[in-house]
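So the chains spell out like this:
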Amino acid sequence: MNAGKLGRRRTLTIAELYGQPPLMALWPTFGRDVCQLAESTTYQLAAENRLPVETVRLGRKRFVRTADVIAWLHLPHNDDSAGGATPTPSVEHVNETASQQIEARS
């Protein structure tokens, strides 16, 4: 069955949100999939500058910045320039360090 016929709308998962390009389409991606708004409502709010994020117009199409949406949702920024995740030591390294500390105490 089609989700539209059941009255349920598809929403983006957090992983899908992070996978969006730098600019996401105002409709359907932002309006329907993020905000759960009707198309006419989405465009009306954009025309009145009443959306929670700024819209960007390229030609006749409107977009929103994915980074702005992530910030609006209070999700952590996926900043590749930050050096990635903090490296965690391997189990072997942890065990080696622990045994060195035990030997030092003896």
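The rules behind the values
- Residues numbered from 1 in each chain as written.
- Predicted model: local features only at pLDDT ≥ 70, side-chain atom pairs only at ≥ 80, totals over all residues.
- Heavy atoms only, no water.
- Pairing = 2+ DSSP bridges.
- Helix = DSSP H or I, 4+ residues; strand = E, 2+ residues; numbered from the N terminus.
- Core = buried A, V, L, I, M, F, W, Y, C linked by side-chain atoms within 4.5 Å.
- Buried < 20%, exposed > 50% of the residue type's maximum accessible area, 1.4 Å probe, protein only.
- Phe/Tyr/Trp six-rings, centres within 6.5 Å; stacked < 30°, edge-to-face > 60°.
- Lys NZ or Arg CZ within 6 Å of the ring centre and 35° of its normal.
- Contact = heavy atoms within 4.5 Å.
- Axes fitted to C-alpha atoms, helices over the stretch in contact; angles between N-to-C directions.

J.: Help me out: how do you make sense of the pairing of strand E2 (residues 55–58) in this one?
T.: For a regular strand, side-chain orientation follows a simple rule: the groups alternate between the two sheet faces. With 4 bridges joining them, E2 and strand E3 (residues 61–65) adopt antiparallel strand pairing. Considered in E3, the bridge of Leu58 is made with Lys61.

J.: Looking at this model, I keep getting lost on the pairing of E3. Mind explaining?
T.: The pairing of strand E1 (residues 23–25) with E3 spans 3 bridges and is classified as antiparallel. The partner of Met24 across the bridge, within E3, is Val64. Here E2 folds back onto E3, and the loop between the two strands holds 2 residues, one of which, Gly59, carries a positive phi near 65°.

J.: Mind showing me how you'd approach the nonpolar core here?
T.: Note that soluble globular proteins tend to have their nonpolar side chains buried in a common cluster. Leu17, Met24, Leu26, Phe30, Leu51, Val64 and Val69 are the most contacted members of the largest nonpolar core, which totals 14 residues. Broken down by secondary-structure element, the contributors of at least two residues to this core are helix H3 (26–34), helix H4 (39–47) and helix H5 (66–72).

J.: What's the story with the packing of aromatic side chains in this structure? I'm lost.
T.: Geometry of an aromatic ring pair is reported as the spacing of the ring centres plus the angle between the planes. Throughout the structure, instances matching the rule amount to 1 aromatic pair. Directly above the aromatic system of Trp27 lies the positively charged group of Arg32, at a separation of 5.8 Å from the ring centroid.

J.: How do you make sense of the side chain of Thr29 when you look at a structure like this?
T.: Here Thr29 is to be found in helix H3. Residues contacting Thr29, with those up to four places away along its chain left out, are Leu12, Gln20, Met24 and Val34.

J.: I tried to follow the environment of Leu73 on my own but got confused; where do I start?
T.: Its location among the elements puts Leu73 in the loop between H5 and helix H6 (91–105). Between the C-alpha atoms of Leu73 and Val34, which are 39 residues apart in sequence, the distance is 9.7 Å. With residues up to four places along the chain from it excluded, the contact list for Leu73 reads Leu17 and Val34.

J.: How do you make sense of the sheet that holds E1 when you look at a structure like this?
T.: For sheets, the rule is that strands pair by backbone hydrogen bonds, running either parallel or antiparallel. Strand order in the open sheet formed by 3 strands is E1-E3-E2, and the pairing between neighbours is antiparallel. Each end of this open sheet is capped by a strand with a single partner; those strands are E1 and E2. When the angles between neighbouring strand axes are averaged without regard to direction, this sheet yields 45°. Lying on the sheet, H3 is in contact with E1, E2 and E3; it crosses E1 at an angle near 80°.

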